[in-house]
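Summary of structural features
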Amino acid sequence: MRESRVVRWLVPRVTEMRVDWPLVLLDAALVALAYVAAMFLRFEGSVPPEYVRSLLFALPVVTTIHLGANAAWGLYGCVWAQASVDEARRVVTAGAFAGLVVLSLVLARELHVPLLSAASGSGLSLLLFAGARFQARVFSFRRATVESIDEPPHRAILVGAGASARVLLRSLQDSPADGITPLALVDDDPRLHGRTLGGVPVLGGLEEIPAAAALYGATMVIIAAPEAGSETIARVAAAALEADLAVKILPSWSEMLGTAASAQDLRDLDITDLLGRKQIATDLSDVRAMLAGRRVLITGGGGSIGSEIARQVAAFEPSELILLDNDETHLHDTLATLPATAKQVLADVRDRGRIEQAFRSWRPDVVFHAAALKHVPVLEDHPCEGIATNILGSHNVIRAAVASGVRQFVLISTDKAVEPVNVMGATKRVCEQLLLTERPAGSAFSVVRFGNVLGSRGSVVPSFLRQIRQGGPVTVTHPDVERFFMSIPEASHLVLHAAAQSTGGDLFMLDMGEPVRILDLARRMIELSGRADVQVRFTGLRPGEKLSEELSEPDERSTPTRHPSVHRLQPNVIGASALHAAVDELAAMVHEQRDEDATRCLFALVDDVRATSTIDLTDATAALAVRSGR
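Residues numbered from 1 in each chain as written. Predicted model: local features only at pLDDT ≥ 70, side-chain atom pairs only at ≥ 80, totals over all residues. Heavy atoms only, no water.

A look at the overall build of the chain
When helices and strands are counted, the chain shows 22 helices and 22 strands. Put simply, 76% of the contacts in the chain that link residues at least 6 apart link residues at least 24 apart. Element-wise, carbon and sulfur atoms account for 55% of the exposed surface of the chain, whose accessible area totals about 27,900 Å². (Helix = DSSP H or I, 4+ residues; strand = E, 2+ residues; numbered from the N terminus. Contact = heavy atoms within 4.5 Å. Areas by Shrake-Rupley, 256 points an atom, 1.4 Å probe, with all protein chains shown as cover.)

Structural notes on helix α2 (residues 21–42)
Relative to the 32 Å expected for 22 residues at 1.5 Å per residue, α2 spans 32 Å between its end C-alpha atoms, a close match to the ideal helical length. Looking one or two places after α2, you find Glu44, whose phi comes out positive at around 55 degrees. (Expected span 1.5 Å × (residues − 1).)

Topic: unusual backbone geometry
Cis geometry is found at the peptide bond from Gly472 to Pro473, where omega equals 0 degrees. Within the secondary structure, Pro473 sits in the loop between α17 (460–469) and β15 (474–476). Of note in this structure, Arg109 is not a glycine but carries a positive phi near 60 degrees. Inspection of the secondary structure puts Arg109 in the loop between α4 (85–107) and α5 (115–134). Residue Arg363 is not a glycine yet carries a positive backbone phi of 45 degrees.

Describing the sheet that holds strand β6 (residues 246–249)
Read across the sheet, seven strands follow the order β3-β4-β2-β1-β5-β6-β7 without closing on themselves; strand pairing throughout is mixed. The open sheet has two edge strands, β3 (196–197) and β7 (267–268), and neither has a second partner. As judged from the four bridges shared by strand β5 (residues 220–223) and β6, these two strands associate in the parallel manner. Each residue of the ladder has a partner; that of Ile222, found in β6, is Lys248. Each of β1 (154–159), β2 (180–186), β3, β4 (200–204) and β5 is contacted by helix α6 (residues 163–174), which is oriented at about 150 degrees to β2, the strand it contacts most. In the packing of helix α8 (residues 230–243) onto the sheet, the strands contacted are β1, β5 and β6, and the crossing angle to β5 comes to about 175 degrees. (Pairing = 2+ DSSP bridges. Axes fitted to C-alpha atoms, helices over the stretch in contact; angles between N-to-C directions.)

Concerning the packing of helix α20 (residues 576–591) against helix α21 (residues 595–611)
Packed helices, taken two at a time, are described by their axes: the angle between them and the distance between them. For the pair α20 and α21, interaxial distance at closest approach is 9 Å and the crossing angle is 165 degrees. Between α20 and α21, the crossing angle belongs to the class labelled roughly antiparallel. Between α20 and α21 lies a crossing of left-handed hand. On the side of α20, the interface is formed by Leu579, Ala582, Glu585, Leu586 and Met589, while α21 contributes Asp597, Ala598, Cys601, Leu602 and Leu605. Each residue belonging to the contact of α20 with α21 can be placed in one class, and the counts come to eight nonpolar, no polar and two charged. (Parallel < 35°, antiparallel > 145°, perpendicular 65-115°, else oblique. Left-handed = near helix turned anticlockwise from the far one by under 90°. Nonpolar A, V, L, I, M, F, W, Y, C, P; charged D, E, K, R; others polar.)

Structure (structure tokens):
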């Protein structure tokens, strides 16, 4: 059964295989050159006339034999720019076979040329064939023992035949211990169909995945094209689901921090890949100028955003990279992914003295402030805790940065700070005000505002995955609720670009694309899991939740920047005296754990920010006193 399927699969592909005709003609000329040179060497430059006639008769025969052997071993359908040891062996095998045939004909007196000339001509032909294909490449036979190793557990089809796929393919072939055997490639570029890459055939387009899986008994498909868009990834996921294949994906070069692709880089396909947008290629010179050789400190360095910012910053070779967090586990885990030169500071932003001491010790040039409490329902139940970290803690960091002479400061904010209806959003709106009012003259202090990130700790995607694994139901608050989404690497990438463009007092908004319906997200994740039996259940909006979010308020005028996905907003800024008076009131309420009073005071302050860019201190404190119930 398997043999008939193999025949049905291979025959049309052999007949359709592309032949490199210029290489065929070159080989013919090389065969003629080799045998003529061998004859001249045999007779030391003076070839008897009868042997000249014999050679002229023999040349078409030996040329046909050599070209036929080369074609039989597939030497006219390879991508020689990325040829591997497998191609080298085939060149040797085809040349040796052709040489044996030629020698057999000479011994049988079918060809009337000297035996030594025939042997030398075939050997020289082999060397010329190899030289034409590999040029200065040194043959390596590191895979000599691969055939003796037990068959690895995973038999893979690679999607893509570009540069990334070539690097990954070579890594998999040279490292059989990784447990993945590449059997075939598919690529939508028709120019590659019928060729081989590293000895592995390029069978056709993505539609061939199910048939290729059936032919080779594949267990895995690997998307080896980091530039693949969400539509391509969705096609691969659908084909893999049909063929019952596991799906792995090779991350982008930025996620791998520029390292060569290998099996260790492969990760599972997730919803981020299906919803993510293609990265925009941009000039990184501004980012490099901001970070290279500088001391960079990241608060919340163990969190989802902070840790990714740290990994991207590390690629720009800062003189020192300092991660500050109050969670030792997350801090430890993040440091394991960074160069050994990265440093850690175990501290809580709420501890003003400890933060000031850390800034005095490290004297950072650039600060990314990502530390925050972010879960909306939790902060609705514990508003004083949210205020203590997000407002008072941020105030500690800002003041310490100003006192230690930091010139570049980036506050990570959220779309929930726009017309906030929950404690989390309101605290972040006040954080924005603190930074914008307290920035030193001439410094590049800025705010970067964006929406949800896919896959962050405690976000909707990990929650859905856990519910799907448990068999459901997947809980969605409302059928019409929608949110902006962005991948963690893309958000962090754009944060760096925004920071590099800051001139001081900037409020940046990241282009989040179109909002995604959470119901659609849940259904797509269920489909991706292959668990058609998992149900969706609606639970109703939670306290503090909106059906949809905005990234800017109507009066925050937007202007473009040098990056197409980063926009500069004109913020409303409350008077410094009024802001400080309100923050002092909040601090007193937090100290006394007066949750209800603190919540009223917080939203009163936010209302004043929305109402005007400057307000009178007396009016502000009076309004706060009334709204706080005092």
